[in-house]
Amino acid sequence: MNILLAGVGGQGTVLASKLLAQAAMEQGWKARTAETIGMAQRGGCVVSHVRTGDVVLSPLVPLGQADVLIGFEPAEAVRCLPYLKAEGTAIVCTKAVRPVTASLTGSAYDGSEMIEYLQKNVPHLILVDGEAICAAVGSPRALNVALLGAALPALGIAPADMEQALRASVRPQFVEMNLAALRLGA
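Just so it is clear, the model here is predicted, and its values are computed rather than measured.

Chemist: Got a minute to help me understand the side chain of His49 in this structure?
Modeler: Among the secondary structure elements, His49 is positioned in strand E3 (residues 45-53). Among the residues examined, His49 registers a relative accessible area of 6% and is labelled buried. There is a polar contact of 2.9 Å between the side chain of His49 and the backbone nitrogen of Val61. Not counting residues within four places of it along the chain, the set of residues in contact with His49 comprises Ile3, Leu4, Arg32, Thr33, Ala34, Pro59, Leu60, Val61 and Tyr83.

What follows is the structure, encoded as structure tokens:
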């Protein structure tokens, strides 16, 4: 299974990739991950590659080979769309994060054009109202786990294995909030 996670610095993309790898290992699969996080501190893009299965030799997902694309932000999902297989599934948060360039130039950006593009070009698209889920659990920091919940059927990962990965990876005081986000995402 080839999975690509695309977001903006601060959205929890790297933690989500670690949770995916841990959940895959809970199911007995091998897992490899790699991230590009150079500009993350400045609101830049973050891309995580996760590959799982019986034999995984490389952590990088080749272009056109992602079974699942998890977009934490609409423009980042569009930017990484060349990685998605024609029959792949994209799970995308509908809330836009205004890029630094738009902030500096005063340009408007609400992500709606990106969502329209995805709707026209991705046959297997799942849009997630991450903002509503985060409001329901009381923290914007739960977006990553909410998206993982929405992606579980496409990933072939059992909810119990993802819950185990959460319990093992998240500080105890945040476990229940994240479990709630996982369930709402699902």
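Chemist: Looking at this structure, how should I read the pattern of salt bridges?
Modeler: Opposite charge on two side chains lets them pair, provided their charged atoms get close. For the structure shown, the criterion picks out 3 salt bridges. Of the charged contacts in the structure, one is a salt bridge between Arg79 and Glu76, with a shortest N-O distance of 2.7 Å. One end of the pair is Arg79 and the other is Glu76, both in helix H2 (residues 74-79) and 3 residues apart, which spans about a single turn. Accessibility expressed as a relative area gives 13% for Glu76, which makes it buried. Across the salt bridge formed by Arg183 and Glu163, the nearest N and O atoms sit 3.5 Å from each other. On the criterion of sequence distance, the pair formed by Arg183 in helix H8 (residues 172-185) and Glu163 in helix H7 (residues 159-169) is long-range, its members being 20 residues apart. Taking the relative accessible area as the measure of exposure, Glu163 reaches 19% and is therefore buried.

Chemist: What is the right way to read the nonpolar core from this model?
Modeler: Nonpolar side chains in soluble globular proteins tend to end up buried together. In this structure, Ile3, Leu5, Leu20, Ile70, Leu147, Leu148 and Met162 are the most contacted members of the largest nonpolar core, which totals 36 residues. Elements represented by at least two residues in this core include exactly strand E1 (2-8), helix H1 (13-26), strand E4 (66-71), strand E5 (84-93), helix H5 (130-137), helix H6 (143-155), H7 and H8. Among the elements that line this core, the one with the most residues is H6, at 9 residues. Residue contacts for Leu20: discarding those within four places in its chain leaves Ile3, Leu5, Val50, Ile70, Leu148, Leu155, Ile157 and Met162.

Definitions and cut-offs
Residues numbered from 1 in each chain as written. Predicted model: local features only at pLDDT ≥ 70, side-chain atom pairs only at ≥ 80, totals over all residues. Heavy atoms only, no water. Helix = DSSP H or I, 4+ residues; strand = E, 2+ residues; numbered from the N terminus. Buried < 20%, exposed > 50% of the residue type's maximum accessible area, 1.4 Å probe, protein only. Polar contact = N/O pair within 3.5 Å; in protein donor to acceptor, adjacent residues only side chain to side chain. Contact = heavy atoms within 4.5 Å. Salt bridge = Lys/Arg side-chain N within 4 Å of Asp/Glu carboxyl O. Core = buried A, V, L, I, M, F, W, Y, C linked by side-chain atoms within 4.5 Å.

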